Amino acid sequence: MSLHFDPVAIFDAHILSEQEKKDYFQSLRDRNKYKIQKSIEAIDKNKELLVDAYWKLYYDIQDDNKDQIRNYGKQHRAWEDKICQLCGSKLKYIDYGGYSPFWGCLNYKDGSGKHTTVSDREPTLYLDIKKAVSWLTNITIDNGFKGTIRATELYNFYMDSGFEDIRLFYAGNSSEKYLNIYRDVKKNSNSYERKCYDDLKQKHDTVLFQLGIRYESEHTGGKSRYCFLDLLASDKDRVYIYECKTNDHDTNDTQRNLYCSVMYYLLHVHQDERDLSFEYLIQKPYDPNSPFIK
Ligand SMILES: [Zn+2]
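Residues numbered from 1 in each chain as written. Predicted model: local features only at pLDDT ≥ 70, side-chain atom pairs only at ≥ 80, totals over all residues.

## A closer look at the overall build of the protein
If you tally the helices and strands in the protein, you get 9 helices and 8 strands. Radius of gyration (C-alpha) of the protein: 29 Å, far over the 19 Å computed for a compact globule of 294 residues. Its C-alpha atoms give the protein principal-axis dimensions of roughly 95 × 55 × 30 Å. Looking at the protein as a whole, 18% of its 294 residues are labelled buried. For the protein, contacts bridging at least 24 residues in sequence account for 64% of all contacts bridging at least 6. (Helix = DSSP H or I, 4+ residues; strand = E, 2+ residues; numbered from the N terminus. Rg over C-alpha atoms; globule rule 2.2 N^0.38 Å. Buried ≥ 20, exposed ≤ 12 C-beta atoms within 10 Å, placed from the backbone. Contact = placed C-beta atoms within 7 Å.)

## So, the nonpolar core
For soluble globular proteins, the rule of thumb is that nonpolar side chains tend to be buried together. Ala13, Ile241, Val262 and Met263 are the most contacted members of the largest nonpolar core, which totals 20 residues. Looking at which element gives the most residues to this core, the answer is helix α9 (residues 253–269), with 7 residues. Discounting chain neighbours no more than four positions away, the residues touching alanine 13 are Ile213, Tyr215, Val262, Tyr265 and Leu266. One finds Ile61, Ala132, Ile139 and Tyr158 within the second-largest nonpolar core, a separate group that totals 15 residues. (Core = buried A, V, L, I, M, F, W, Y, C linked by C-beta atoms within 7 Å.)

## Thoughts on the pairing of strand β7 (residues 238–247)
Relative to β7, strand β6 (residues 225–234) runs antiparallel, the two sharing 4 bridges. Bridging from a neighbouring strand, leucine 232 pairs with isoleucine 241 of β7. Hairpin connection between β6 and β7: a loop of 3 residues separates the two successive antiparallel strands. Direction of pairing for β7 relative to strand β8 (residues 275–284): parallel, over a ladder of 9 bridges. Looking across to β8, one finds that valine 239 is bridged to leucine 276. Crossover handedness for the path β7 to α9 to β8: right-handed. (Pairing = 2+ DSSP bridges. Right-handed = clockwise from strand over helix to strand, strands pointing away.)

## What to know about the sheet that holds strand β4 (residues 117–119)
Read from one edge to the other, the open sheet built from 3 strands follows the order β2-β3-β4, with strand pairing classed as antiparallel. Of all strands in the sheet, those with a lone pairing partner are β2 (92–94) and β4, marking the two edges. The mean angle between the axes of side-by-side strands here comes to 30°, regardless of whether they run parallel or antiparallel. Alignment of β2 against strand β3 (residues 102–104), held across 3 bridges, turns out to be antiparallel. In the sheet register, lysine 92 faces β3, and the bridge partner there is glycine 104. (Axes fitted to C-alpha atoms, helices over the stretch in contact; angles between N-to-C directions.)

## Here's the deal with the environment of glutamate 193
Structurally, glutamate 193 can be placed in helix α8 (residues 175–203). It is 10.0 Å that separates the C-alpha atoms of glutamate 193 and threonine 246, two residues lying 53 residues apart in sequence. Filtering out sequence-adjacent residues up to four positions away, glutamate 193 remains in contact with Asp230, Leu231 and Cys244.

## Quick look at the domain arrangement of the protein
Put simply, an interface is often sized by how much accessible area is lost when its parts join up. By the assigned domains, the protein splits into domain 1 (10–29 + 184–283) and domain 2 (66–119). The gap between the C-alpha centroids of domain 1 and domain 2 is 65 Å. (Domains from an automatic or database assignment.)

## What about the packing of helix α5 (residues 135–142) against helix α6 (residues 151–160)?
Across the interface, α5 lies against α6 with an axial gap of 10 Å and an inter-helix angle of 105°. The orientation of α5 relative to α6 falls into the category roughly perpendicular. The segment α5 lies against α6, with Leu136, Thr137, Ile139 and Thr140 engaging Ala151, Leu154 and Tyr155. Partitioning the contact of α5 with α6 into residue classes produces 5 nonpolar, 2 polar and no charged. (Parallel < 35°, antiparallel > 145°, perpendicular 65-115°, else oblique. Nonpolar A, V, L, I, M, F, W, Y, C, P; charged D, E, K, R; others polar.)

## Looking at α6
Among the residues making up α6, those that are buried are Glu153, Leu154, Tyr155, Phe157 and Tyr158. Following α6 by one or two positions, glycine 162 has its phi on the positive side, about 85°.

## With respect to the sheet that holds β7
Judged by pairing direction, the sheet is mixed, and its 5 strands sit side by side in the order β1-β5-β6-β7-β8 without closing on themselves. In the strand order of this sheet, the two ends are held by β1 (10–15) and β8, each with one partner. Strand-to-strand twist across the sheet, computed as the mean angle between neighbouring axes with direction ignored, equals 40°.

Printed below as a string of structure tokens:
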């Protein structure tokens, strides 16, 4: 059985020592700290503009939905008082059987306009909330702060200044939760990797967790890049690359091609003749019955 993939030319590869790995992650954290700092500075310099941008978006969303809101107001009043919003007559409960019952004005044929009909059930307000859901991103992009101001710092700025969460206000779920989702996904995938590591230890002679590799390839323009293999297992005659993914959509050929090429390079350099395998470990495999995947 041989492994099929599109090879990438590797010019150099080197497995990171624990110290090199630590240094690399520290440099990532420093870079992240730097980005947060930049983001806070940019917010600080543009406070007034960001406040204006907030209100502009807030009213834009109301404007987009003014017909829905007006109509909902009327429908709700009619439903509560059982009074026609056109002629003021009392509404009559109508149940034909087979249709859902409703309240209607008996003057509906008099030609003076649209008399009220309202459902038996309490009316619901449906809003166009696309802009509200991604309000933080919209504000950064619309005002030229893409890449400078980050959603998390912007959110903190608005909350600290006493503004309402636009997403919570219009869409009913908090932005904070949404900002935290990414953190949870990361945490979750780490614990899944741990679990896979424990499972694989039962199957293979050795298993390495998060193997760091510095490499240079035809695509890195003469510079070193880093990659981290989730799990690398090996037996007497085969080496296995295992990549953990949350679901099938996350698999990607570019990564697979790179990891296989780098690993072949390393085996070759060490005159290791073992075969190589590559396998994805999927946490939530595709479920055709899932309502969320269409
Ligand atoms: Zn009427």
